[in-house]
Amino acid sequence: MIGLGTNIETKLDFNAEQTAKNLQDKLDGVLLPLAIDVFSGVIQNAPTGVSNNLKASFDIIKSDNPNFIGYEVKSPLNIISYAPYVEFGTRKHMPPFDPIRRWVELKIQPYVQAIGFEYKYGRALPTRKGTKILRGTKRETIIRQVARAIQLSIAEKGTRAKRFMQTTLSNLGLKFEEYHGLESGYNVDVSDYLKNNFRL
């Protein structure tokens, strides 16, 4: 599984336990509000989609790395998340049909209908008269046709990047670097933020 995250953390270069503990508490008090701002921005900027699953997939997670103090705003690896594919887009590939079919069914549910026509002035014009919502086999046929067209389009062109997380970080005036691997995301340089907000 692939996740998407933003690491907001700073390295500790000494081991003095009490000093480190005091420093950690103070840094937590500065970095947690920043993580909350990033989280709020990601939720605001993430595309809504049909299911709203993308917005619901993010969380603020305290860093478990003993050499760092900080937080991550991420979609955890233990849940299925399509966040990296939305953020960075995809290359041409043949995606699985069933998730696209389910998405199409939710997305176009109110619009799958047979449009009625009436003949005026020698041509067929759309009208509400005779329009009906399709059900059963006809409805399923249209859903499958639309889903197949989307699947083939992704196979031919890939998908465009939405960059909702990058937009959030830029809007907050943060410096960051993109990274890719098992997870993809951004490492945030908090040095300027700490200079402006951290007091011993």
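Source: prediction; values computed, not measured. (Residues numbered from 1 in each chain as written. Predicted model: local features only at pLDDT ≥ 70, side-chain atom pairs only at ≥ 80, totals over all residues. Heavy atoms only, no water.)

Undergrad: How do you make sense of the overall build of the chain when you look at a structure like this?
TA: For the chain, the count of helices and strands is seven helices and seven strands. Out of the 200 residues belonging to the chain, those deemed buried represent 36%. If you take every contact in the chain between residues at least 6 apart in sequence, the share linking residues at least 24 apart comes to 68%. For the chain, the exposed area adds up to about 12,800 Å²; of that, 52% sits on carbon and sulfur atoms. (Helix = DSSP H or I, 4+ residues; strand = E, 2+ residues; numbered from the N terminus. Buried < 20%, exposed > 50% of the residue type's maximum accessible area, 1.4 Å probe, protein only. Contact = heavy atoms within 4.5 Å. Areas by Shrake-Rupley, 256 points an atom, 1.4 Å probe, with all protein chains shown as cover.)

Undergrad: Teacher, can you tell me more about the pairing of strand β2 (residues 59-62) here?
TA: Note on strand geometry: in a regular strand, side chains alternate between the two faces of the sheet. Here β2 runs beside strand β3 (residues 68-75); their pairing, made up of four bridges, is antiparallel. In the strand pairing of β3, Ile-60 is matched with Val-73. Taking the residues that link successive antiparallel strands as the turn, the β2-β3 hairpin has five residues. (Pairing = 2+ DSSP bridges.)

Undergrad: For this particular structure, what's the right way to read the packing of aromatic side chains?
TA: Each aromatic ring pair is described using two quantities: the centre-to-centre distance and the angle formed by the ring planes. One pass over the full model with this rule turns up three aromatic pairs. Between Phe-58 and Phe-164 the ring centres are 5.9 Å apart and the planes differ by 80°, which places this aromatic pair in the edge-to-face class. Of this pair, Phe-58 sits in the loop between α2 (53-56) and β2 while Phe-164 is found in helix α6 (residues 164-171), placing the two residues 106 residues apart along the sequence. Overall, Phe-58 belongs to the buried group, its relative accessible area being 5%. Looking at Phe-164, the relative accessible area reads 1%, which means it is buried. Three or more aromatic residues joined by ring pairs form one cluster here, namely Phe-88, Phe-176 and Tyr-186. (Phe/Tyr/Trp six-rings, centres within 6.5 Å; stacked < 30°, edge-to-face > 60°.)

Undergrad: Looking at this structure, how should I read the environment of Leu-34?
TA: Counting through the fold element by element, Leu-34 comes out in helix α1 (residues 17-45). Of the residues examined, Leu-34 reaches a relative accessible area of 2% and is grouped as buried. The sequence separation of Leu-34 and Val-190 amounts to 156 residues, and the corresponding C-alpha distance is 9.5 Å.

Undergrad: I keep staring at unusual backbone geometry and nothing clicks. Help me out?
TA: Where the residue is not glycine, phi is negative for most of them; where a peptide bond is considered, it is trans in most cases. For Arg-163, which is not glycine, the phi torsion reads 55° and is therefore positive. Assignment of secondary structure puts Arg-163 in the loop between α5 (136-157) and α6. Judged by relative accessible area, which is 24%, Arg-163 ranks as partly exposed.

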